[in-house]
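# Chains, contacts and geometry: an overview
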Amino acid sequence: MSRIAFIGLGNMGGPMAANLAKAGHDVHAFDLSADALAAASAAGVGTAASAADAVAGAATVLSMLPASRHVEGLYLGEDGLLGAIADGALVIDCSTIAPASARKVAHGAAARGLEMIDAPVSGGVAGASAGTLTFIVGGSDVALGRARPLLEAMGKNIFHMGPAGAGQVAKLCNNMALGVIMAATGEAIALGVANGLDAATLSQMMAVSTSRSWATEVCNPWPGVLENAPAARGYTGGFGNDLMLKDLGLAAEAAMAAGTAIPLGELARNLYALNSAAGNGHLDFSSVVKLLQGSGS
Ligand code: NAD
C-alpha cells in the first residue's frame, strides 16, 4: 500500500492517523511535540524524525494543524514542504484555516504540479476517534476522487463544496451557526433558571420543541443536564472556546472579504472573546454560558 505522511498529531490528528494505520495504510507521521509522537506510536502509527522525513516518498501528505500560520509555515517558503513532496503526490489539509490561506497553499501546490484539497472536518475528538468525521472539501473532482478512500477510512460523510478554499468557507458557516446557537441556548436556559425553572426539564422540553439543536441535546451548556456533556466535567474535553473564537474570527474576515453582514456571528465572536478574557479559553466553548450564570437579581 502506498505511503502516507501525516503532519500534526494533536487531539484530532492523533486519532485520524491511528484510523489510517488501522485500515492498513503505511503511515509516517510527524509532530513537533514528543508526547504527541509517542502517543501516535503507541496507537500503531509509524513516526518520522521530521516533516521532511515523513513526506519523503509519500504518495499522499495529510496535515492537521491548529491555524493558518502553521499551515502556511509548513508548506510555503524556501524550506516549505512543497519543495520536498514527491512529484505526483496528493496534498490534503484537514486543519480549519482561513479560506484565503487554503487558496494560497493550493496555488503553491498547483505551481509545483501537485493536487491539493482543503478538507476541514466536523465531528470533534469523538468523531475523529470513532472514524465518523464529516469532511467538508474544496478542490477539484479529480483530487477528491484520489482522496476519497483515505477520507472514508477516517469519516463517514464527505461534502464537496466547490473549488480550493470552499471547504473552509463551508466549515466557517457551520461553526458560526454553532457558536450563535450555543450562546443563544445558554442564554435561554439562564433566563429560565433565573425565573425559577429547572434547567433539565426546560432542556428536555426544548429538545422536542422548535428550538431543538445539538447544543440542547448533545452538548447542553448547563451543568447537571446531560451527564456526558463537557458541562458535566467542568467544561473539559470538548471543543475549546479559543478554537471557536478562532473560527468566528475567520468568519468575520470572510464576511469582510465578501462585503457581507454577519451581525449575530460578530456578536457571538465578542461573547467568546469575553469568555476567553474571563480565563475560560481552554474550556469547552459551551462554557460561554458562564458569562450569564447567576446574572439574575
Ligand atoms: P491540537 O492543538 O490538539 O493539535 C495540533 C498539533 O499540531 C499539535 O500536536 C502541535 O504540536 C502540532 N503542530 C503544530 N505545528 C506543527 C508543525 N509545524 N509541524 C508538526 N506539528 C505541528 O489541535 P486539534 O484539536 O487537533 O485541532 C487541529 C485542527 O482541527 C484545528 O484547525 C481545529 O480548529 C480543527 N478542529 C478541531 C476540532 C476539535 O474538536 N478539537 C474539531 C474540528 C476541527
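Residues numbered from 1 in each chain as written. Predicted model: local features only at pLDDT ≥ 70, side-chain atom pairs only at ≥ 80, totals over all residues. Heavy atoms only, no water.

What follows is about the packing of aromatic side chains. All told, the structure shown has 2 aromatic pairs when counted by the stated rule. Between Phe 239 and Phe 285, the aromatic rings sit 5.8 Å apart at their centres with planes inclined by 75 degrees, giving edge-to-face as the arrangement. Of this pair, Phe 239 sits in the loop between helix H10 (214–217) and helix H11 (241–258) while Phe 285 sits in the segment after helix H12 (263–280); the two residues are 46 residues apart in sequence, bridging distant segments of the chain. Between Tyr 272 and Phe 285, the ring centres sit 6.2 Å apart and the planes meet at 40 degrees, which makes this aromatic pair tilted. Taken as a pair, Tyr 272 in helix H12 and Phe 285 in the segment after H12 lie far apart in primary sequence, 13 residues in all. On the basis of relative accessibility, which here comes to 1%, the residue Phe 285 falls in the buried class. In textbook terms, an aromatic cluster arises when at least three aromatic residues are bridged by ring pairs, as seen for Phe 239, Tyr 272 and Phe 285. (Phe/Tyr/Trp six-rings, centres within 6.5 Å; stacked < 30°, edge-to-face > 60°. Helix = DSSP H or I, 4+ residues; strand = E, 2+ residues; numbered from the N terminus. Buried < 20%, exposed > 50% of the residue type's maximum accessible area, 1.4 Å probe, protein only.)

A full pass over the atoms with the stated rule returns 1 cavity of 30 Å³ or more. Within the residue set of the lining of the largest cavity, elements represented by two or more residues are helix H5 (99–111) and strand E6 (115–118). Take the lining of the largest cavity: its biggest share by element is 3 residues, from H5. (1 Å grid on protein atoms, 1.4 Å probe; cavity = no way out; pocket = protein on both sides within 12 Å on 5 of 7 lines; lining within 4 Å. Points joined across faces, edges and corners; volume = space filled by probe spheres on them.)

Further remarks concern the environment of Pro 230. Inspection of the secondary structure assignment puts Pro 230 in the loop between H10 and H11. Accessibility expressed as a relative area gives 6% for Pro 230, which makes it buried. The spacing of Pro 230 and Ser 286 is 56 residues in sequence and 7.7 Å in space, taken between C-alpha atoms.

Let's shift gears to the site of the ligand. Within the structure, the ligand sits among 22 residues, and Asn 11, Met 12, Asp 31, Pro 66 and Lys 246 are positioned closest to it. The side chain of Asp 31 places a nitrogen or oxygen atom 2.6 Å from an oxygen atom of the ligand. In the environment of the ligand, an oxygen atom lies 3.0 Å from a nitrogen or oxygen atom belonging to the backbone of Leu 65. Bound to the protein, the ligand loses 84% of the 840 Å² it would expose on its own. Its atoms largely coinciding with the cavity grid, the ligand occupies the largest pocket. Mapped onto the shell around the ligand, the elements with two or more residues apiece are helix H6 (124–130) and H11. Grouping the amino acids of the shell around the ligand by side-chain chemistry returns 11 nonpolar, 8 polar and 3 charged. Both of domain 1 (3–163) and domain 2 (169–296) provide at least three residues apiece to the shell around the ligand. (Near = heavy atom within 4 Å. Polar contact = N/O pair within 3.5 Å; in protein donor to acceptor, adjacent residues only side chain to side chain. Areas by Shrake-Rupley, 256 points an atom, 1.4 Å probe, with all protein chains shown as cover. Sits in = over half its atoms within 2 Å of the grid points. Nonpolar A, V, L, I, M, F, W, Y, C, P; charged D, E, K, R; others polar. Domains from an automatic or database assignment.)

Taken as a whole, the chain is organised into domain 1 (3–163) and domain 2 (169–296). On a C-alpha basis, the centres of domain 1 and domain 2 stand 29 Å from each other. Listed by partner, the interface residues are 13 residues for domain 1 and 9 residues for domain 2. Taken together, the two surfaces of domain 1 and domain 2 that pack against each other cover about 790 Å², and 70% of this comes from carbon and sulfur. Looking at the side of domain 1 facing domain 2, the largest losses of area belong to Thr 96, Pro 99 and Ile 136, adding up to 49% of the total buried there. Viewed at the interface, domain 2 and domain 1 are joined by 0 salt bridges. At the level of elements, H5 and strand E7 (121–122) are the ones that each hand at least two residues to the side of domain 1 that touches domain 2. Split by residue class, the side of domain 1 that touches domain 2 holds 9 nonpolar, 3 polar and 1 charged. (Contact = heavy atoms within 4.5 Å. Buried area = accessible area lost by both parts, 1.4 Å probe. Salt bridge = Lys/Arg side-chain N within 4 Å of Asp/Glu carboxyl O.)

Here Asp 31 shows up in the loop between strand E2 (26–30) and helix H2 (34–42). Relative accessible area serves as the criterion here: at 14%, Asp 31 is assigned to the buried category. Separated by 16 residues in the primary sequence, Asp 31 and Thr 47 have C-alpha atoms spaced 8.8 Å apart. Ignoring sequence-local partners within four residues, the contact set of Asp 31 consists of Gly 8, Leu 9, Gly 10, Ala 36 and Leu 37. Within the local environment of Asp 31, its side chain forms a polar contact with the backbone nitrogen of Leu 9, the two atoms lying 2.6 Å apart. Engagement of the side chain of Asp 31 in a polar contact is seen with the backbone nitrogen of Ser 33, the distance being 2.7 Å.

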